[in-house]
Amino acid sequence: MSRRVLSALALPAGVSAAAAILCQGVEHPGEKKASKKEEKATVWKSRRHIKPCNLTGWWENDLGSKMQVFEVGRDGTFSGEYHTAVSSTQKPIQPSPLTGSQHLDEDGQCTFGFTVNWKKFSDSTAVFVGQCFNGDDGKEVLHTSWLLREKVDSEPDDWKATRTGRNTFTRAG
Ligand SMILES: *[C@@H]1O[C@H](CO)[C@@H](O)[C@H](O)[C@H]1NC(C)=O
């Protein structure tokens, strides 16, 4: 079910259809049919501090893990290295290769995904999905969610093999 439908359903009974449409307009400013004048004002306002999202560079998350994204190609694909600060294995942590793909939307709020293969010290695999946001202060922040698959010895252990979490990254260096 789309967010638009959900937001309409979430309105208390008795709210008129007109008010419902107005509410949706507020929640989805990009989608509402605005007059030419309004449209211009919206574009000016939204582009004032927006730079296009390009993940190239160093990022650090709330746990102190760092990742370096090498040059993002014109098709949005990239590779890089993940330097995790946390691990559940006994072996010493090593930088691990990552590979992914990002949207290249001009509004600077693109979504992306990447896979980390911890092959140098672990037989686990992680996937991240996220979105880039531009704060009012002009600083970029990445909100991500991840799934980590750990290798288990046998199929009956499958139920406990996947963990999930969330991390926020900001530009480092
Ligand atoms: C992203 O930025 C890097 C470094 O400035 C540049 O080399 C690369 O071409 C850019 N990628 C895109 C898709 O704009």
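Not measured: the values here are computed from a predicted model.

(A) Region of interest: the site of the ligand. Around the ligand sit Asn 54, Thr 56, Glu 71, Val 72, Gly 73 and Leu 104, and that is every residue in its neighbourhood. Val 72 is positioned such that a nitrogen or oxygen atom in its backbone is 2.9 Å from a nitrogen atom of the ligand. A total of 360 Å² of accessible area belongs to the ligand in isolation, and the protein chains cover 50% of it. Each residue belonging to the shell around the ligand can be placed in one class, and the counts come to two nonpolar, three polar and one charged.

(B) View of the sheet that holds strand E5 (residues 111-117). A barrel is described by the order of its strands in space; here eight strands give the closed sequence E1-E2-E3-E4-E5-E6-E7-E8, paired in antiparallel fashion. Strand after strand, the sheet turns through a mean of 30° between neighbouring axes, direction not considered.

(C) Quick peek at the state of the cysteines. For the structure shown, the criterion picks out one disulfide. A sulfur-sulfur distance of 2.4 Å marks the disulfide that ties Cys 53 to Cys 110. With Cys 53 in the loop between helix H3 (36-47) and strand E1 (57-61) and Cys 110 in the loop between strand E4 (96-102) and E5, the pair connects residues that are 57 residues apart, well separated along the chain. Here Cys 132 stays unpaired: no disulfide links it, and the sulfur of Cys 53, its closest cysteine neighbor, is 3.4 Å away.

(D) The confidence of the model for the protein chain, seen in detail. Taken over all residues, the pLDDT of the protein chain has a mean of 79, while the share at 70 or more is 71%. Ignoring residues within four places in sequence, the model shows residues 1-32, a span with pLDDT below 50, making 15 contacts including any to other chains.

(E) Summary view of the pattern of salt bridges. Per the stated rule, a full pass over the model turns up three salt bridges. A salt bridge links Glu 140 to Arg 171, with the nearest nitrogen and oxygen atoms 2.6 Å apart. Here Arg 171 lies in strand E8 (residues 162-171) and Glu 140 lies in strand E7 (residues 140-149), a separation of 31 residues in the sequence. Here Arg 163 makes a salt bridge to Glu 150, at a shortest N to O gap of 3.2 Å. Of the two residues, Arg 163 sits in strand E8 while Glu 150 sits in the loop between E7 and E8, which places them 13 residues apart along the sequence.

Here is what the cut-offs are and how they apply
- Residues numbered from 1 in each chain as written.
- Predicted model: local features only at pLDDT ≥ 70, side-chain atom pairs only at ≥ 80, totals over all residues.
- Heavy atoms only, no water.
- Near = heavy atom within 4 Å.
- Polar contact = N/O pair within 3.5 Å; in protein donor to acceptor, adjacent residues only side chain to side chain.
- Areas by Shrake-Rupley, 256 points an atom, 1.4 Å probe, with all protein chains shown as cover.
- Nonpolar A, V, L, I, M, F, W, Y, C, P; charged D, E, K, R; others polar.
- Pairing = 2+ DSSP bridges.
- Helix = DSSP H or I, 4+ residues; strand = E, 2+ residues; numbered from the N terminus.
- Axes fitted to C-alpha atoms, helices over the stretch in contact; angles between N-to-C directions.
- Disulfide = S-S within 2.5 Å.
- pLDDT = per-residue confidence, 0-100.
- Contact = heavy atoms within 4.5 Å.
- Salt bridge = Lys/Arg side-chain N within 4 Å of Asp/Glu carboxyl O.

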